[in-house]
Amino acid sequence: MTSRRSTLAILAAGLLLSGCGFGDASTARPSTKYETPTQVAMAWFNAINSNDVRAAHRLFEPSQVEQIAWMNEPAADQSKFTNIHCRRTSLTVDSATVLCTFAESASPTEGNPDTLWSISFHRSLSNGWLIDNYGQA
């Protein structure tokens, strides 16, 4: 009986401690909550449409975030994306590619709206899937 109580006490302590974290939740990269590259791609379009520059930056490889410097323009000058459809076209253990089609609105900063982007991803052990490139397929 003592052995059983000890085991239960250890399990309860483990469950209690598993809910505790040592890191600051505000510094966690949100891409870790997305299980697939397709989910990250959709989150990126949501960040673009809501003009959430910080969220968009967190979905990118830090060394590649300059690719979306255009998001620093005023929100009124940004294109919006609708009718977004994304599908994975390749997947390995640490890389993936997603093809997204969409309707992009005309805007002062976009002369010719696009209709598709191929988005490539790198898998980080600590941050999950991160965008490392995008553009016309």
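Undergrad: What is the right way to read the sheet that holds strand S2 (residues 95-104) from this model?
TA: Sheet strands pair via backbone hydrogen bonds, and the direction of the pair is either parallel or antiparallel. One open sheet accounts for four strands, arranged S1-S2-S3-S4; its pairing is antiparallel. Unpaired on one side and paired on the other, strand S1 (81-91) and strand S4 (128-135) mark the two borders of the sheet. For this sheet the average axis-to-axis angle between neighbouring strands, irrespective of direction, equals 30°. Bridge analysis of S2 against strand S3 (residues 116-124) gives seven bridges, and the strand direction is antiparallel. Bridge pairing in S3 places Thr 97 opposite Ser 120.

Undergrad: So what exactly am I meant to see when it comes to the environment of Met 42 here?
TA: Relative to the assigned elements, Met 42 resides in helix H2 (residues 37-49). By relative accessible area, which is 29% here, Met 42 ends up partly exposed. Sequence separation of Met 42 and Cys 100 is 58 residues, and the distance between their C-alpha atoms is 8.8 Å. Once you skip the residues sitting within four places of it in the chain, Met 42 turns out to touch Ile 84 and Cys 86.

Undergrad: Could you clarify how one ought to interpret the packing of aromatic side chains in this entry?
TA: Within the structure shown, the criterion is met by twelve aromatic pairs. Ring geometry for Trp 44 and Phe 45: centres 5.6 Å apart, planes at 45°, overall tilted. Here Trp 44 matches Phe 45 in class, with each residue buried. Ring centres of Phe 102 and Trp 117 lie 5.2 Å apart, and the angle between their planes is 70°; this geometry places the pair in the edge-to-face category. With Phe 102 in strand S2 and Trp 117 in strand S3, this residue pair connects regions lying 15 residues apart in the sequence. The residues Phe 102 and Trp 117 share a single accessibility class, namely buried.

Conventions used here
- Residues numbered from 1 in each chain as written.
- Predicted model: local features only at pLDDT ≥ 70, side-chain atom pairs only at ≥ 80, totals over all residues.
- Heavy atoms only, no water.
- Pairing = 2+ DSSP bridges.
- Helix = DSSP H or I, 4+ residues; strand = E, 2+ residues; numbered from the N terminus.
- Axes fitted to C-alpha atoms, helices over the stretch in contact; angles between N-to-C directions.
- Buried < 20%, exposed > 50% of the residue type's maximum accessible area, 1.4 Å probe, protein only.
- Contact = heavy atoms within 4.5 Å.
- Phe/Tyr/Trp six-rings, centres within 6.5 Å; stacked < 30°, edge-to-face > 60°.

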